[in-house]
Amino acid sequence: MRRYAFLLAVVAALAGFSAAAQEIGQGLLNAVAYRPLAADASIAVQPLDNSDANMALKEIFENQLKARGYAVSDGAPLVLTFETRDTIGVWSGYGQRTVIELSNNPDRVGSQTPMVRLNLFDSSRGGMLNQGRSPSGDTPMTRSQYRLDVSIDSRGDGKRLWQGWTIADLGQRDGPGLSKAMVPVLVESLGQTVKRQPFVLP
């Protein structure tokens, strides 16, 4: 019985860890600094797609840059480009989620000792560290996500100084809403290297 109690404790701990890693109202920031970026650098902002939504986002970037002391000019020596993308989640068609499986131990012929399997990662059987099920009972292998990519390059030699990206689950907000929340986080991290840093979506 102690063995089963231990396994149940492990399951509970991992469930808590999985939930904490997928907190609602949070996004994830990554950034890489390649070359130094002056705190008062002059930067031009250019979306890769001149849609109405991106032109509105361009203005938000410019306002955030100015608020942090950067000069903003169309002919600036540094160019900040940005692109938004969304990835639709992939769902498996398995309606049942199996976390713990009990069976006879195949290594001991005639043994009545049960063997316990703790399913953590098996996507096809609804592993524990996979994400939760859809209302229809299907299990998502990946959630639908929204991503904002930003890079800063030198106009003169084309070399990259910095790049960063933010990711958040769609469904918390729509794309434009997530973009507005992500821009200040990205601008604040300009010139820095950041690895998987959570941030709060206001």
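Rules used throughout
Residues numbered from 1 in each chain as written. Predicted model: local features only at pLDDT ≥ 70, side-chain atom pairs only at ≥ 80, totals over all residues. Heavy atoms only, no water. Core = buried A, V, L, I, M, F, W, Y, C linked by side-chain atoms within 4.5 Å. Buried < 20%, exposed > 50% of the residue type's maximum accessible area, 1.4 Å probe, protein only. Helix = DSSP H or I, 4+ residues; strand = E, 2+ residues; numbered from the N terminus. Contact = heavy atoms within 4.5 Å. Axes fitted to C-alpha atoms, helices over the stretch in contact; angles between N-to-C directions. Left-handed = near helix turned anticlockwise from the far one by under 90°. Nonpolar A, V, L, I, M, F, W, Y, C, P; charged D, E, K, R; others polar. Pairing = 2+ DSSP bridges. Expected span 1.5 Å × (residues − 1). Arc of directions from axis to C-beta. Bend = angle between axes of the 7 residues up to and from the residue. pLDDT = per-residue confidence, 0-100. Polar contact = N/O pair within 3.5 Å; in protein donor to acceptor, adjacent residues only side chain to side chain.

Engineer: Summarise the nonpolar core; cite the residues concerned and give the values.
Structural biologist: Note that soluble globular proteins tend to have their nonpolar side chains buried in a common cluster. Of all hydrophobic cores here, the largest spans 31 residues; its most connected members are Phe61, Leu80, Leu148 and Ile152. The set of elements that each furnish at least two residues to this core consists of strand E1 (26-33), strand E2 (42-47), helix H2 (52-67), strand E4 (78-87), strand E9 (145-154), strand E10 (160-169), helix H3 (175-188) and strand E11 (194-200). Among the elements that line this core, the one with the most residues is H3, at 7 residues. Once you skip the residues sitting within four places of it in the chain, Leu80 turns out to touch Ile43, Ala44, Val45, Gln46, Phe61, Leu65, Val150, Ser151 and Ile152.

Engineer: Describe in detail the packing of H2 against H3, supporting the description with residues and values.
Structural biologist: The contact between H2 and H3 brings their axes to 10 Å, and the two run at 35°. Regarding H2 and H3, the two cross each other, and that crossing is right-handed. For the pair formed by H2 and H3, the contact residues are Leu57, Ile60, Phe61, Gln64 and Leu65 on the first element and Ser179, Lys180, Val183, Pro184 and Val187 on the second. Here the residues of the contact of H2 with H3 sort into 7 nonpolar, 2 polar and 1 charged.

Engineer: I'd like a description of unusual backbone geometry, backed by residues and values.
Structural biologist: Positive phi is not limited to glycine here, since Arg196 has a value of about 50°. Mapping Arg196 onto the fold places it in strand E11. Overall, Arg196 belongs to the exposed group, its relative accessible area being 55%.

Engineer: Can you explain the pairing of E2? Please cite residues and give values.
Structural biologist: Relative to strand E3 (residues 71-72), E2 is paired through 2 bridges, and the arrangement is parallel. Each residue of the ladder has a partner; that of Ile43, found in E3, is Val72.

Engineer: Got a sec to walk through H2? Specific residues and values, please.
Structural biologist: For H2, with 16 residues, the first-to-last C-alpha span of 23 Å sits near the 22 Å given by 1.5 Å per residue. All of the buried residues along H2 are Asn54, Leu57, Lys58, Phe61, Glu62 and Leu65. Looking straight down H2, one finds its buried side chains confined to an arc of 150°; they lie on one side. Those residues of H2 that are exposed and aimed more than 90 degrees away from the buried face are Asp52, Lys66 and Ala67. Contacts made by the buried residues of H2 are with E2, E3, E4, E9 and H3.

Engineer: For H3, give the residues involved together with the corresponding values.
Structural biologist: In a regular helix each residue adds 1.5 Å, so 14 residues correspond to 20 Å; H3 covers 20 Å between its end C-alpha atoms and thus fits that length. Bending of H3 peaks at approximately 30° at the position of Met182, with proline Pro184 no more than four residues after it. Among all positions in H3, only Gly175, Leu178, Ser179, Ala181, Met182, Val183, Val185, Leu186 and Val187 are buried. Buried residues along H3 sit in contact with E1, H2, E4, E9, E10 and E11.

Engineer: Describe in detail the confidence of the model for the chain, supporting the description with residues and values.
Structural biologist: Per-residue confidence for the chain averages 76 on the pLDDT scale, and 61% of its residues sit at or above 70. This stretch, residues 94-104, has a pLDDT under 50; its non-local contacts, to residues over four places away or in other chains, come to 42 contacts. Across residues 120-135, confidence stays below pLDDT 50; counting only partners more than four residues off in sequence or on other chains, it has 53 contacts.

Engineer: Explain the side chain of Asn30 to me, and be specific about the residues and the numbers.
Structural biologist: Inspection of the secondary structure assignment puts Asn30 in strand E1. At 2.8 Å, the side chain of Asn30 forms a polar contact with the backbone nitrogen of Arg196. Beyond its immediate stretch of four places on either side in the chain, Asn30 contacts Gly164, Trp165, Val194, Lys195 and Arg196.

Engineer: Give a description of the side chain of Ser179 that names residues and reports values.
Structural biologist: Within the element layout of this structure, Ser179 appears in helix H3. Of the residues examined, Ser179 reaches a relative accessible area of 4% and is grouped as buried. The residues touching Ser179, leaving out its near neighbours within four places in the chain, are Leu57, Thr84, Tyr146 and Leu148.

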